[in-house]
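Below are the chains, spelled out letter by letter.
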Amino acid sequence: MKNTCVKRAFAIFSTLMLVLGLVSCSGDRLDAPLFGTAGAESDVVNTPDSEVDYTVTFDGTAYAASDSSAIAVEEGTGAIVFIKAGVYRLSGRREGQIQVSVSKEQRVTLILDGLDVECKSSAAIYVKSADRVFIEAHEGTVNTLTDGAKYDLPDYETKPNACIYSSEDLVIRGGGALTVTGNYNNGIGCKNDLTIGSVSLTVSAPNNAIKGNESVTLSGGGSVTVTAAEDAIKSDSTLIGKGFVSVESGAEISVTCTDDAITGLQKVTVAEGARVTYACGGNPINCDGLDGAGGLLDVAEGALIG
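A short tour of the structure in this document, coming up. Note that the structure is a prediction, hence the values are computed from the model and not measured.

Calculation criteria
- Every chain's residues receive numbers from 1 upward, in the order its sequence appears when written.
- Thresholds applied to this predicted model are a pLDDT of at least 70 for local features of residues and 80 or more for the giving and counting of side-chain atom pairs; totals over whole chains, interfaces and linings are not thresholded and use all residues.
- With hydrogens and water set aside, each side-chain value is computed from the structure's full complement of heavy atoms.
- With a 1 Å grid laid over protein atoms only, a set of points is called a cavity when a 1.4 Å probe fits there but cannot get out and a pocket when it is open yet has protein on both sides within 12 Å along at least five of seven lines; lining residues have an atom within 4 Å of a point.
- Grid points are joined across faces, edges and corners, and a volume is the space filled by probe spheres set on the points.
- Each helix is a run of DSSP H or I of at least 4 residues and each strand a run of E of at least 2, with the numbering of both proceeding from the N terminus.
- Under the convention adopted here, Pro, Cys and the residues Ala, Val, Leu, Ile, Met, Phe, Trp and Tyr are nonpolar, Asp, Glu, Lys and Arg are charged, and Gly plus all remaining residues are polar.
- A pair of strands counts as paired when DSSP detects no fewer than two bridges linking them.
- Think of it in three bands: residues with accessible area under 20% of the maximum for their type are buried, residues over 50% are exposed, and the middle band is partly exposed, with areas taken using a 1.4 Å probe on protein chains only.
- Whether two residues are in contact is decided by their heavy atoms, any of which lying within 4.5 Å being enough.

### Observations regarding empty space enclosed by the protein
Okay, so step 1: Applying the stated criterion to the full structure yields 1 cavity of 30 Å³ or more.
Okay, so step 2: One number sums up the size of the largest cavity: a volume of about 30 Å³.
Okay, so step 3: Taken together, I196, G197, L218, S219, G222, S223, V224, A251, E252 and I253 make up the lining of the largest cavity.
Okay, so step 4: For the lining of the largest cavity, the secondary-structure elements that each account for two or more residues are β19 (223-228) and β22 (252-257).

Written out as structure tokens, the structure reads:
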């Protein structure tokens, strides 16, 4: 009996060491949860005026700022670049790109307070560098972002490729309304983790409406309406613990697309209390898994309503 218990304990220990070894070889942190949500800090709290560091009012290609030292103008493109960490309140009509370029350790919040941005040659909002960026549609306001059908990019560049594009973690939230019209490729694109909180969000695009390369988390309390000529909501990372789409309880999503409604390469979760309606030419959910082996599906009964 003792030998049997010892053998069983040794087998469990060996299996555990093998799993830890595989995770370690993947380059992911050992303390990172497998398929954890990216929804941290997605709570919707409109930032008080007392916490706003900079105010910027746009008028076409011109702007007025409370502190011009936080802003640079990119040579050649004329993009307005926010170069200091902090909270920016943005309003008015902007003709051209808004950019965020701070250090990898710094965070930026963009409060959209009745903002209308149209950039005909590139992304309307482009996060080049930061630790994490929050885009907040201020309560009671209507905000619109539109890109051009053709981007002016150097031959060696392929990004940005979305009306809102972030090279870093991105959180979109707020009590207001935000309409994102992608004309070039994707509507919202994020290289890392993308979280959409309690916001009234409308997105359309000729390719994917919403894409977070590493993950997409849609938390409850808001409404998301997407129209895409390809997949609607997508994450396709092959990194361990990534490549997932999580639709949390209370989220309301309406999808119209010609291909798949929700694509999470490795995992798709739709919680009880989430409402997803779809009209798609492909699958409601596509979760192929690595090497086509099939991913993990965790869909609550009745969560998807056709």
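### Observations concerning the layout of surface pockets
Okay, so step 1: Space inside the second largest pocket adds up to approximately 340 Å³.
Okay, so step 2: Taken together, 18 residues make up the lining of the second largest pocket; nearest its centre are E74, T77, S122, D152 and L153.
Okay, so step 3: Its residues assigned to classes, the lining of the second largest pocket comprises 7 nonpolar, 6 polar and 5 charged.

### Some thoughts on the pairing of strand β1 (residues 54-60)
Okay, so step 1: Judged from the 7 bridges that link them, β1 and strand β5 (residues 86-95) form a sheet pairing that is parallel. Across the sheet, the residue bridging to Y54 is Y88, located in β5.
Okay, so step 2: Sheet topology note: the β1/strand β2 (residues 62-65) ladder contains 4 bridges and is antiparallel. For T57, the partnering residue across the bridge sits in β2 and is A64.
Okay, so step 3: Where β1 folds back onto β2 in an antiparallel hairpin, the turn is made up of 1 residue.

### Here's the deal with the environment of R173
Okay, so step 1: As for its position among the elements, R173 is in strand β12 (residues 169-174).
Okay, so step 2: Between the C-alpha atom of R173 and that of L201, which follows or precedes it by 28 residues, the distance is 8.9 Å.

### Observations regarding the environment of E272
Okay, so step 1: Turning to its location among the elements, E272 is positioned in the loop between β24 (267-270) and β25 (275-280).
Okay, so step 2: Under the relative-accessibility criterion, E272 is labelled exposed at 65%.
Okay, so step 3: If near-sequence neighbours (up to four positions away) are discounted, E272 is found in contact with S249 and A300.

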